[in-house]
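Chain residues, written in single-letter form:
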Amino acid sequence: MRRGAPLLAAALALALPTASPAGEPAPARTGAQVSGPPADADAAAAYFTDTELIDQDGRPRRFYTDLLRGRKVLIHFVFTSCKGACPTMTANLARVQALLGKRAGKEIAILTITVDPVNDTPKVLKQFAAKFNAGDGWRFLTGTPQNVEKVLGRLGGLTKKPEEHTSTLLIGDTKTGMWLKATATERPETIVHLVDHINDAP
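Rules used in this analysis
- Residues numbered from 1 in each chain as written.
- Predicted model: local features only at pLDDT ≥ 70, side-chain atom pairs only at ≥ 80, totals over all residues.
- Heavy atoms only, no water.
- Helix = DSSP H or I, 4+ residues; strand = E, 2+ residues; numbered from the N terminus.
- Buried < 20%, exposed > 50% of the residue type's maximum accessible area, 1.4 Å probe, protein only.
- Areas by Shrake-Rupley, 256 points an atom, 1.4 Å probe, with all protein chains shown as cover.
- 1 Å grid on protein atoms, 1.4 Å probe; cavity = no way out; pocket = protein on both sides within 12 Å on 5 of 7 lines; lining within 4 Å.
- Points joined across faces, edges and corners; volume = space filled by probe spheres on them.
- Nonpolar A, V, L, I, M, F, W, Y, C, P; charged D, E, K, R; others polar.
- Contact = heavy atoms within 4.5 Å.
- Salt bridge = Lys/Arg side-chain N within 4 Å of Asp/Glu carboxyl O.

**Student:** Before we go on, may I ask you to explain the overall build of the protein chain in this structure?
**Tutor:** When helices and strands are tallied, the protein chain shows 7 helices and 7 strands. Starting at the N terminus and walking to the C terminus, you meet the elements of the protein chain as α-α-β-β-α-β-α-β-α-β-α-β-β-α. In the protein chain, which comprises 202 residues, the share counted as buried stands at 50%. Carbon and sulfur atoms provide 52% of the accessible area of the protein chain, an area that totals close to 9400 Å².

Spelled out as structure tokens, the structure:
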């Protein structure tokens, strides 16, 4: 099978199985694994795009080049005024970041993308990030509604209303093109296991 952008699209658009239920030990493989273009960075860049987003510090970030390329990534979706799942998911990823230790921010990036860019300004996202002691390498991202919508569409996170957003956690290795879908409330230990073993043979 030819590797390329269409395969990435399939990996991220399908409703793939989630990680194992909380309380169960992490297996050697969990979720669904789909190969993308491990050696073809141009295909990945074309799929994900270099759409400009803005992080919690007000810095513009090109989506593929600055945030994805050459590293493992965890991506989830929130809006800061959420009173339901968003704080729970974000607190869970804070525990994941703690387990990752010094690898977080270097070889592994955590990306939180707002589904409410009109209200979630960089200042609001910075305050939200501070509540969870988000460290280096964890980017909370907003931007123009058009740019955020484009990125969310690529990742399968686009929704008509913020409160209808998915609790999906995307786990990817952009060096190899391997991606998984889990839930952002999965046990932190299981999420770290998935990150560490994403490239294992099924």
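**Student:** Any chance you could explain the layout of surface pockets here in plain terms?
**Tutor:** Empty pockets left among the atoms are what a rolling probe the size of a water molecule brings to light. In this structure, the largest pocket encloses a volume near 160 Å³. As for the largest pocket, its lining consists of 14 residues, and the residues nearest its centre are Val115, Pro117, Leu152, Leu158 and Thr159. A class-by-class count of the residues in the lining of the largest pocket yields 8 nonpolar, 2 polar and 4 charged.

**Student:** Explain the environment of Arg103 here, please?
**Tutor:** Mapped onto the fold, Arg103 is located in the loop between α4 (85-100) and β4 (108-114). Expressed as a C-alpha distance, the spacing of Arg103 and Gly137, which sit 34 residues apart in the sequence, is 9.2 Å. With residues near it in sequence (within four places) discarded, Arg103 still touches Ile108, Val192 and Asp196.

**Student:** Teacher, can you tell me more about the pattern of salt bridges here?
**Tutor:** A side chain with one charge can pair with a side chain of the opposite charge if their charged atoms come near. As enumerated under the stated definition, the model contains 7 salt bridges in all. Across the salt bridge formed by Arg62 and Asp66, the nearest N and O atoms sit 3.2 Å from each other. The class for Arg62 is partly exposed, based on a relative accessible area of 42%.

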